[in-house]
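# Topology and contacts: notes
Residue strings, one per chain:
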Amino acid sequence: MTTLAAAIRAALLETDPRAKALAARATARDWGAGRLDFVFDVAMPNEPGRPGEPALLPPSQMPKRGRGHSERGRIALWHALAHIEFVAIDLALDMAGRFGAGMGRQFVSDFLSVAADEAMHFELAARKLRTLGSRYGALPAHGGLWDAARETAHDVGARLAVVPMVLEARALDVTPATLERVRASGDENGARILQRILDDEIRHVRFGATHFTAVCERRGESAEILWKRLVERHFRGSVKPPFNDSARSAAGLSRSLYAGVA
Ligand SMILES: [Fe+2]
Ligand SMILES: [Fe+2]
């Protein structure tokens with residue numbers, strides 16, 4: 001029987017986007033079916049496998065996306081989304097593989113299900129790009145999306161505080177407006193994809209908040225104080241309104257938590 005760590009590591013190292021998405025979903029399925037031993041015999045790579053394209057640029061050098069109604073604007077939007085989802089596959093795999101030994105089986109189940117969702121999101125965005133006559137890799141992409149993983153590789157508390165509870169929670173704030181713009185442009189199929197992503201991301205944030213609370217209880221710390229400290233230390237951006245309070249509360253993030261940091 002393959003070990004859990006070996007399966008996750010292999011998926012992380014996969015360089016081809018479609019192969020990585022398939023490997024993430026297969027790993028989640030195999031784990032759910034009891035086909036992987038709960039054994040952590042290999043380390044996770046510091047840098048996951050990346051395809052030759054897209055070229056990765058510092059955020060400051062990314063071309064401006066425009067207002068999104070033109071064909072070029074739509075391609076840029078779906079390309080950016082595909083890239084975010086592609087990196088999200090690795091973030092979820094790394095969460096399970098790097099911290100699963102200490103956090104337990106439920107943690108692994110939760111974050112492998114996130115990895116499978118992100119793989120599906122990536123495939124939906126990549127397919128959308130193909131219907132627009134483009135493909136993932138055709139444009140440059142944001143090169144900073146793995147920074148949070150590097151910055152928090154030493155501490156599961158920091159990783160949970162920053163990745164699901166700041167970055168994925170941010171997606172809850174900004175996706176509804178994108179969805180409305182896409183719907184207003186007449187793209188009902190695109191709106192449906194974004195609705196599905198939004199629904200799934202609420203669950204991802206909830207997993208993060210739940211396991212973060214467990215970490216705080218174990219360390220005898222207040223969740224609000226520890227979260228604030230970890231975000232200030234390990235997140236370079238700012239946590240800022242407008243917040244999607246209803247989606248955040250559905251995900252288990254209380255206003256008192258993030259209002260204090262904003
Ligand atoms: Fe996603
Ligand atoms: Fe997510």
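Everything here concerns the structure above.
What this report covers is the structure whose coordinates are included nearby. (Residues numbered from 1 in each chain as written. Chains lettered and ligands numbered in written order. Predicted model: local features only at pLDDT ≥ 70, side-chain atom pairs only at ≥ 80, totals over all residues. Heavy atoms only, no water.)

## Focus on the coordination of the iron ion (ligand 1)
- On the protein side, the iron ion (ligand 1) has Glu85 (OE), Glu118 (OE), His121 (ND1) and Glu201 (OE) as donor atoms, found 2.0 to 2.3 Å from it.
- Coordination at the iron ion (ligand 1) comes from four donor atoms whose angles at the metal span 90 to 156°, giving a geometry best classed as irregular.
- Read N to C, the donor residues that coordinate the iron ion (ligand 1) are spaced as E-x32-E-x2-H-x79-E.
- Separating the iron ion (ligand 1) from the iron ion (ligand 2) is a gap of 3.7 Å, which Glu118 spans by donating to each of them. One end of the pair, Glu85, is in helix H3 (residues 71-103); the other, His121, is in helix H4 (residues 105-131), with 36 residues separating them in the sequence. The same class applies to Glu85 and to His121, which are both buried. (Donors = N, O, S within 2.8 Å, 3.2 Å for Na, K, Ca; no water. Tetrahedral: all angles 85-135°; square planar, octahedral: opposite > 155°, others 65-115°. Helix = DSSP H or I, 4+ residues; strand = E, 2+ residues; numbered from the N terminus. Buried < 20%, exposed > 50% of the residue type's maximum accessible area, 1.4 Å probe, protein only.)

## Describing unusual backbone geometry
- The omega torsion across Glu53 and Pro54 is 5°, close enough to zero to call that bond cis.
- By the element assignment, Pro54 lies in the loop between helix H2 (17-32) and strand S1 (56-57).
- Note the cis peptide between Pro241 and Pro242, where omega equals 5°.
- Position of Pro242 among the secondary structure elements: in the loop between helix H8 (223-234) and helix H9 (245-250).

## Digging into the nonpolar core
- One finds Trp78, Leu93, Leu112, Phe212 and Trp227 to be the most contacted residues of the largest nonpolar core, which totals 83 residues.
- Sort the elements by how many residues they give to this core and H3 lands first, with 15 residues.
- Sequence-distant contacts of Trp78, defined by excluding residues within four places in its chain, comprise Ala125, Lys128, Leu129, Leu132, Asp187, Gly190, Ile193 and Leu194. (Core = buried A, V, L, I, M, F, W, Y, C linked by side-chain atoms within 4.5 Å. Contact = heavy atoms within 4.5 Å.)

## So, the pattern of salt bridges
- One pass over the full model with this rule turns up 23 salt bridges.
- Its salt-bridge partner being Asp155, residue Arg219 comes within 2.8 Å of it at the nearest N-O pair. One end of the pair, Arg219, is in helix H7 (residues 188-219); the other, Asp155, is in the loop between helix H5 (147-151) and helix H6 (156-184), and 64 residues separate them in sequence.
- For Arg219, a relative accessible area of 40% translates into the label partly exposed.
- Classification of Asp155 as buried rests on a relative accessible area of 13%.
- Each of Glu71, Arg74, Lys128 and Asp187 takes part in a single network of salt bridges with overlapping partners. (Salt bridge = Lys/Arg side-chain N within 4 Å of Asp/Glu carboxyl O.)

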